[in-house]
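# Examination of the molecular architecture
One letter stands for each residue in the lines below.
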Amino acid sequence: MKLNRKAGFTLLEVILAMAMAATLVLTLHAGMNIALRARRQTAELTTAVRTATIAMEMLSHDLESVALPGDHLAGPFLVIADPGAAASLDFFAVSTEPSAQPGEAPVEGIHHVMLAVRPDPVPPALVRRTVENLLAPIEKAPREEILCRGVRSLTFSCYDGSDWKDSWDSSVEESSVPLAVRITLELDDPSSASGILAMTRIIPISVKAPPTATADAGGAP
């Protein structure tokens, strides 16, 4: 009597299939590792540049809305160059805040901006402090936000029309605000040979009148 054997895989066929599957998995794993390594290296190369660019854009936005010192609630324009430490910038700017009532136009007001490097975080960070409600009955602590970390140095230079000055005080200068401010920011950059990324930007200063001053001038007889 002839036995009816069922069709199936031999042990050799199973071993070969497992070897092929293992080879495919190893190939995919190696490819993913290469892709992830390339992505990580690209991110490291662009992180410092992206961070410095975003910080410069925020500083430019503030400086493009400088309020004239002594006009309405605006205080002095100050650049302090501290030897052996990062400089600081203190000024007032006109900002646009959304209206509390839906459908109404945004409301413009003056806020106080303070920029400096705070050494206590590790690594040091560029910090932006703002006071938005200058008419608040109770003085509140400034709102603080970190623009970027890993700051090596921060310097400001003010252009008065003929020379660049490392410091500025609107109460003693011939012009209340400089014509332009040059900002140089140095950050840690592990991807570069020097380990430092330096970025410089010159921002023209165009004084913006506070909304109340504009309204009063328009309503004057």
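Residues numbered from 1 in each chain as written. Predicted model: local features only at pLDDT ≥ 70, side-chain atom pairs only at ≥ 80, totals over all residues. Heavy atoms only, no water.

This part takes up the confidence of the model for the chain. Per-residue pLDDT for the chain has a mean of 78; in total, 77% of the residues score no lower than 70. Taken element by element, the chain is modelled with least confidence in helix H2 (residues 211-219), mean pLDDT 44, and with most confidence in strand S7 (residues 164-165), mean pLDDT 92. Across residues 213-221, confidence stays below pLDDT 50; counting only partners more than four residues off in sequence or on other chains, it has two contacts. (pLDDT = per-residue confidence, 0-100. Helix = DSSP H or I, 4+ residues; strand = E, 2+ residues; numbered from the N terminus. Contact = heavy atoms within 4.5 Å.)

Tallied over the entire structure, the rule returns two aromatic pairs. On the basis of an interplanar angle of 35° and a centroid distance of 5.9 Å, the ring pair of Phe77 and Phe91 is categorised as tilted. Highlighted residues: Phe77 in the loop between helix H1 (11-63) and strand S1 (78-80) and Phe91 in strand S2 (residues 88-97), separated in sequence by 14 residues. The ring of Trp164 carries Arg182 above its face, with NZ or CZ at 4.4 Å from the centroid. (Phe/Tyr/Trp six-rings, centres within 6.5 Å; stacked < 30°, edge-to-face > 60°. Lys NZ or Arg CZ within 6 Å of the ring centre and 35° of its normal.)

This brings us to the pattern of salt bridges. A full pass over the atoms with the stated rule returns eight salt bridges. When the shortest N-O distance is used, the salt bridge between Arg118 and Glu144 registers 2.2 Å. Residue Arg118 is found in strand S3 (residues 107-118), and its partner Glu144 is found in strand S5 (residues 143-149); the two are separated by 26 residues along the sequence. Classification of Arg118 by relative accessible area gives partly exposed; the value is 22%. Several salt bridges converge on common partners, so that one network encompasses Asp62, Arg128 and Glu145. (Salt bridge = Lys/Arg side-chain N within 4 Å of Asp/Glu carboxyl O. Buried < 20%, exposed > 50% of the residue type's maximum accessible area, 1.4 Å probe, protein only.)

Looking now at the side chain of Thr130. Looking at the secondary structure, you find Thr130 in strand S4 (residues 125-131). Overall, Thr130 belongs to the buried group, its relative accessible area being 3%. Ignoring any residue separated from it by four or fewer positions in sequence, one finds Thr130 in contact with His111, His112, Val113, Pro142 and Arg143.

What follows deals with the sheet that holds strand S10 (residues 196-204). With respect to topology, four strands assemble into an open sheet ordered S7-S6-S9-S10, the strand pairing being antiparallel. The sheet is open, and its two borders are formed by S7 and S10, each paired with just one other strand. In this sheet, S10 lies alongside strand S9 (residues 180-188) in antiparallel orientation, the contact comprising nine bridges. Across the sheet, the residue bridging to Arg182 is Ile202, located in S10. (Pairing = 2+ DSSP bridges.)

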